Amino acid sequence: MFKKILIANRGEIAVRIIRACRELGIRSVAVYSTADRKSLHAQIADEAVCIGPPATKDSYLNISAVIQAALNTGAEAIHPGFGFLSENADFARLCEKSGIVFIGPSYKSIEMLGDKAAAKETMADAGVPVIPGSKGAVKSIDEAKEIARRCGYPVLVKASAGGGGRGIRRVDSENELEAQIIMAQQEAKNFFGDDTVYIEKFLVNPHHVEIQIMADKQGNVIYLGERDCSMQRRNQKILEECPSPIVSPELRKRMGEAAVTSARQCGYYNAGTIEFLVDENRDFYFMEMNTRIQVEHPITEEVTGFDLVKAQIEVAYGKPLSVKQEDIQLRGHAIECRINAENPSQNFRPSPGTIDALYVPGGPGIRIDGAVYQGYTITPYYDSMISKLIVHASDRNEAIMKMRWALSEFIVSGVDTNIDFQLEIIKRPEFISGNYDNGFLTRYMESKK
Ligand code: ADP
Ligand code: ADP
Ligand code: MG
């Protein structure tokens, strides 16, 4: 096994990866910015290297600083976590060139799938149903008009390099199309450094259902059930559950097999997630593939009993998967709430500051993947997610009750959080019945105004 791994990330996912390293007997190296000197990941890793100032482009996105830190500390592999460099094909390629194992798929897979427009083309060619829209990127306004007319309005203009719910614009009629495309291109250029956009039919109130897959370098690919991420605000996930309340065993099998086909099609290895939208007829359409570990991976771990992060490291080392498809059983139900330092009554404005009191819930079936402690100061430079609360119980109703009481116990003072907002969602009859789609939260919040 590897003797030493560098973690090119921060926050709760860096802590999660350090824990996996410890269990595997691997030494961990954290990297941190000057704003993160006192952060948990920098403190609990076996070694920690400062890689630059607070701005992400100078630290966590600074490819040469990260690779130099790995070379200087003798780390044999780099785990990129999610966000930051995790889906950067150039970074993965440079790791390889420097003799460092990138814990993820090959840079070729990242290249192929990271471009969302091109990925859809690849999947369509593999016979996987995709959301109707442009075949690849949009090349001209006339072509865009033609495609949108064929799909029928509303349509979405999406950035090919987009992520994290950003770079998506809705267009309701042809006379808005040109202006929206131009704005989308500018935005995409600014945010993602790439102005490629594509067009997709806007599906009305679908469900976001994604399939977790895991593949080794020997060519074995398995799927580990689905996650329902339909509880969204501005195309960003807030709460996730596994299994999905709308997926039958038969649909799970079909979606799982489509996901495995997609992965095989691109010679994929390591962990990956294939995101689908499911419509009211329970037809599913490929939306995108995330070539990395995801924020909501713990709910899959709880329900399958399979440690995805440890498996990522083992597979990267070259070990074959320890389990087969028939070994994967879904047991019980898990829910995750993302806990953010933000103020829901001020349009979810981030709330940096010092945590002066912290009490986290506990008891059977409760898991916290967090990165904060009492006295910790949340800086304004990074994502506002400070913790994830995950519950696992024998069925959905029990999981909801567990989440409800766990959220009520959770105390974070000194900064604002969305804990009470999560509690409000958990108590909604639409959530309790399992009868909610991607549009639910937006409609609910409109109705409160
Ligand atoms: P997941 O897909 O794992 O549910 P998110 O979509 O919330 O997670 O993204 C995880 C993290 O990665 C977030 O911090 C998000 O802002 C960031 N992220 C994802 N894609 C991109 C991207 N293309 N560019 C910049 N940041 C991204
Ligand atoms: P990102 O790369 O930012 O994660 P996605 O393409 O995965 O972007 O889309 C994020 C969310 O936006 C989806 O979960 C869904 O709620 C919404 N969305 C994306 N495409 C469509 C579509 N064609 N129709 C309706 N909603 C969509
Ligand atoms: Mg997505």
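Scoring rules and cut-offs
Residues numbered from 1 in each chain as written. Chains lettered and ligands numbered in written order. Predicted model: local features only at pLDDT ≥ 70, side-chain atom pairs only at ≥ 80, totals over all residues. Heavy atoms only, no water. 1 Å grid on protein atoms, 1.4 Å probe; cavity = no way out; pocket = protein on both sides within 12 Å on 5 of 7 lines; lining within 4 Å. Points joined across faces, edges and corners; volume = space filled by probe spheres on them. Helix = DSSP H or I, 4+ residues; strand = E, 2+ residues; numbered from the N terminus. Nonpolar A, V, L, I, M, F, W, Y, C, P; charged D, E, K, R; others polar. Salt bridge = Lys/Arg side-chain N within 4 Å of Asp/Glu carboxyl O. Buried < 20%, exposed > 50% of the residue type's maximum accessible area, 1.4 Å probe, protein only. Contact = heavy atoms within 4.5 Å. Donors = N, O, S within 2.8 Å, 3.2 Å for Na, K, Ca; no water. Near = heavy atom within 4 Å. Polar contact = N/O pair within 3.5 Å; in protein donor to acceptor, adjacent residues only side chain to side chain. Areas by Shrake-Rupley, 256 points an atom, 1.4 Å probe, with all protein chains shown as cover. Phe/Tyr/Trp six-rings, centres within 6.5 Å; stacked < 30°, edge-to-face > 60°. Lys NZ or Arg CZ within 6 Å of the ring centre and 35° of its normal. Pairing = 2+ DSSP bridges.

1. So, the layout of surface pockets
By volume, the second largest pocket amounts to about 410 Å³. Together, 17 residues line the second largest pocket, and Arg233, Pro344, Asn347, Phe348 and Met445 are the ones closest to its centre. Of all the elements in the fold, those that place two or more residues in the lining of the second largest pocket are strand 10 (221-233), helix 13 (419-427) and helix 15 (440-448). If you tally residues by element for the lining of the second largest pocket, the top one is helix 15, at 5 residues. Looking at the lining of the second largest pocket, its residues break down into 5 nonpolar, 5 polar and 7 charged.

2. A look at the pattern of salt bridges
Following the criterion strictly, the structure yields 34 salt bridges and no others. With its nearest N and O atoms 2.6 Å apart, the salt bridge here joins Arg10 to Asp36. Residue Arg10 is found in the loop between strand 1 (4-7) and helix 1 (11-23), and its partner Asp36 is found in the loop between strand 2 (27-33) and helix 2 (40-44); the two are separated by 26 residues along the sequence. Of the two residues examined, Arg10 and Asp36, each falls in the buried class. The salt bridge involving Glu23 is made with Lys310; its shortest N-O contact spans 2.7 Å. Taken as a pair, Glu23 in helix 1 and Lys310 in helix 11 (residues 308-317) lie far apart in primary sequence, 287 residues in all. Note on Glu23: relative accessible area 55%, which makes it exposed. Taken together, the shared-partner salt bridges connect Glu210, Arg227, Lys237, Glu240, Glu275, Glu296 and Arg338 into one network.

3. Concerning the environment of Ile400
Following the sequence through the fold, Ile400 ends up in helix 12 (residues 396-409). With residues up to four places along the chain from it excluded, the contact list for Ile400 reads Ile335, Ile426, Phe431 and Ile432.

4. Notes on the coordination of the magnesium ion (ligand 3)
The protein atoms donating to the magnesium ion (ligand 3) are Glu275 (OE) and Glu288 (OE), with metal-donor distances spanning 1.9 to 2.1 Å. Within this pair, whereas Glu275 is found in strand 12 (residues 270-278), its partner Glu288 is found in strand 13 (residues 284-290), the two being separated by 13 residues in sequence. Assessed through its relative accessible area of 4%, Glu275 is described here as buried.

5. With respect to unusual backbone geometry
Between Tyr153 and Pro154 the backbone carries a cis peptide bond, its omega angle lying at -5°. For Asn270, which is not a glycine, the phi torsion comes out positive at approximately 80°. Examined against the element boundaries, Asn270 turns out to sit in strand 12. Although it is not a glycine, Phe348 sits at a positive phi angle of roughly 60°. Relative to the helices and strands, Phe348 resides in the loop between strand 15 (342-343) and strand 16 (349-350). The class of Phe348 is buried, set by a relative accessible area of 7%.

6. Remarks on the site of ligand 2
Around ligand 2 sit 22 residues, and of these Lys116, Gly165, His208, Gln232 and Glu288 come closest. Interatomic distance of 2.8 Å between a side-chain N/O atom of Glu288 and an oxygen atom of ligand 2. Listed by contribution, the elements that provide at least two residues to the shell around ligand 2 are strand 6 (155-163), strand 7 (166-171), strand 8 (197-201), strand 12 and strand 13. In terms of residues, the shell around ligand 2 owes the most to one element, strand 6, which gives 4 residues. Here the shell around ligand 2 is built from residues that sort into 7 nonpolar, 8 polar and 7 charged.

7. Considerations on the site of ligand 1
As a matter of local geometry, ligand 1 sits amid 16 residues, with Arg166, Arg292, Gln294, Val295 and Glu296 nearest to it. The contact in question runs from a nitrogen atom of ligand 1 to an N or O atom on the backbone of Ala161, over 3.4 Å. Between ligand 1 and Arg166, the relevant distance is 2.7 Å, taken from an oxygen atom to a side-chain nitrogen or oxygen of the residue. Taken by itself ligand 1 offers 550 Å² of open surface, and the protein chains cover 75% of this. At 3 residues, the largest contribution of residues to the shell around ligand 1 is made by strand 6. Looking at the shell around ligand 1, its residues break down into 4 nonpolar, 6 polar and 6 charged.

8. Notes on the packing of aromatic side chains
Per the stated rule, a full pass over the model turns up 11 aromatic pairs. Linked through ring pairs, Tyr60, Phe84, Tyr381 and Tyr382 together constitute an aromatic cluster. The ring of Tyr107 is capped by Arg93, whose NZ or CZ atom sits 5.8 Å from the centre of that ring. Between the NZ or CZ atom of Arg170 and the centre of the ring of Phe202, over which it lies, the distance is 4.6 Å.

9. Description of the side chain of Glu210
Secondary-structure assignment places Glu210 in strand 9 (residues 207-215). Taking relative accessible area as the criterion, Glu210 reaches 0% and is therefore assigned buried. A distance of 2.7 Å separates polar atoms of two side chains, one belonging to Glu210 and the other to Arg227. Residues contacting Glu210, with those up to four places away along its chain left out, are Gly225, Glu226, Arg227, Cys229, Lys237, Thr273, Ile274, Glu275, Phe276, Gln294 and Glu296.

10. Digging into the pairing of strand 9
Taken across its 9 residues, strand 9 has 9 buried, putting it largely inside the fold. Of the two faces of strand 9, both are covered, the one formed by His207, Val209, Ile211, Ile213 and Ala215 as well as the one formed by His208, Glu210, Gln212 and Met214. With 9 bridges connecting them, strand 9 and strand 12 associate as antiparallel partners. Counted as the bridge partner of Ile211 is Ile274 from strand 12.

It is worth stressing that arrangement in space is one thing and function is another; only the former is reported here.
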